[in-house]
Amino acid sequence: MRCSYSEVEDYLLSKYTSIYSNVDNFQLNVVLEQPVKEYRKFTQADIQPFMYRSTYLGNRGISEQVQRAFKVGFDERNQSIMMCWFDKDGEIINLKFRNIHDKKFYYTKGGQPIKNHVFGLNFVHKMNTNRVYIVESEIDCMYLWSHKIPAIALGTASISPKQLKLILNSPITELVIAVDNDD
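Reading guide: rules and limits
- Residues numbered from 1 in each chain as written.
- Predicted model: local features only at pLDDT ≥ 70, side-chain atom pairs only at ≥ 80, totals over all residues.
- Heavy atoms only, no water.
- Buried < 20%, exposed > 50% of the residue type's maximum accessible area, 1.4 Å probe, protein only.
- Helix = DSSP H or I, 4+ residues; strand = E, 2+ residues; numbered from the N terminus.
- Phe/Tyr/Trp six-rings, centres within 6.5 Å; stacked < 30°, edge-to-face > 60°.
- Lys NZ or Arg CZ within 6 Å of the ring centre and 35° of its normal.
- Pairing = 2+ DSSP bridges.
- Salt bridge = Lys/Arg side-chain N within 4 Å of Asp/Glu carboxyl O.
- Disulfide = S-S within 2.5 Å.

Glancing now at helix α6 (residues 138–146). The element α6 is extensively covered by neighbouring structure, given that 7 of its 9 residues are classed as buried. Residues of α6 that are buried include every one of E138, I139, C141, M142, L144, W145 and S146, and no others. Once α6 finishes, K148 follows within two positions and takes phi at roughly 65°, a positive value.

Below, the structure written as structure tokens:
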């Protein structure tokens with residue numbers, strides 16, 4: 001069936017005109033900015049249930065001193081290492097867990113996304129360190145610190161825009177990229 005432009009126009013106006021019949025009271029509510037989600041910060045009481053040690057990280061070359069500095073713990077029930085993620089000022093913003101048997105990761109509910117932070121950057125700020133190694137994993141980062149090599153970790157294989165901004169606004173002037181043997 002062929003229709004002329006005017007026939008289509010008449011049809012559409014008759015079908016949808018009622019929507020605009022009360023234009024004076026028409027309101028359009030558009031939110032252009034995403035509301036800022038409030039995330040919790042974690043306290044010593046939040047990590048206290050995990051303040052146990054496992055030989056796992058020691059066997060991976062991470063010193064007891066570094067484990068204490070990074071507030072590393074162990075979830076006995078789930079057989080998982082607990083690693084605190086800090087913001088640049090040293091506040092705990094999330095707890096990341098890594099199972100020691102099957103390399104599964106999980107996080108505490110309500111924590112801030114780690115893509116908005118850099119693991120170890122709080123120590124870079126605290127020590128005003130300018131030559132730093134950047135790695136993927138928290139364990140690699142702590143291994144380097146155990147050997148007196150300042151390091152940061154992204155927690156993933158790619159860098160987010162927020163992580164990049166944090167690094168650029170840090171004392172770091174020389175960033176050494178250290179890759180692992182993952183595909």
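To continue, consider the packing of aromatic side chains. Evaluation of the coordinates by the stated rule reveals 6 aromatic pairs. With 5.1 Å between their ring centres and 70° between their planes, F50 and F97 make a pair best called edge-to-face. With a gap of 47 residues between them, F50 in the loop between α2 (44–47) and α3 (55–59) and F97 in strand β3 (residues 92–99) connect regions that are remote in the sequence. Ring-pair connections join several aromatic residues into one group, and the members of that group are F70, W85, F119, F123 and W145. In this structure, K96 packs its charged tip against the face of F105, placed 4.7 Å from the ring centre.

With that settled, consider unusual backbone geometry. Glycine aside, negative phi is the norm for most residues, and most peptide bonds take the trans geometry. One non-glycine residue, Q79, lies in positive phi territory at about 50°. Tracing the chain through its elements places Q79 in the loop between β1 (73–75) and β2 (80–86). Residue N128 is not a glycine yet carries a positive backbone phi of 50°. Inspection of the secondary structure puts N128 in the loop between α5 (121–127) and β5 (131–135). Relative accessible area serves as the criterion here: at 56%, N128 is assigned to the exposed category.

Looking now at the pairing of β3. Of all 8 residues that make up β3, 8 are buried, and the element is covered over most of its length. As paired strands, β2 and β3 are joined by 7 bridges and run antiparallel to one another. Opposite M82, over in β3, you have F97 as the bridge partner. Two successive antiparallel strands, β2 and β3, enclose a turn made up of 5 residues, where G90 displays a positive phi of approximately 95°. Count of turn residues in the β3/strand β4 (residues 105–107) antiparallel hairpin: 5 residues, of which K103 carries a positive phi of about 60°.

Attention now goes to the pattern of salt bridges. Per the stated rule, a full pass over the model turns up 8 salt bridges. Taking the shortest distance from any N to any O, the salt bridge between D46 and R40 comes out at 2.9 Å. Owing to a relative accessible area of 24%, D46 belongs among the partly exposed residues under this scheme. Across the pair K96 and E138 runs a salt bridge, and its minimum N-O distance is 2.8 Å. In this pair, K96 sits in strand β3 while E138 sits in helix α6, placing the two residues 42 residues apart along the sequence. In terms of burial, K96 and E138 fall into one category: buried. Bridged by salt links that share partners, the residues R53, E64 and R68 form one connected network.

Counting across every chain of the model gives 0 disulfides. In this structure C84 is not part of a disulfide, and its nearest cysteine sulfur, from C141, lies 13 Å away. For C141, a relative accessible area of 0% translates into the label buried.

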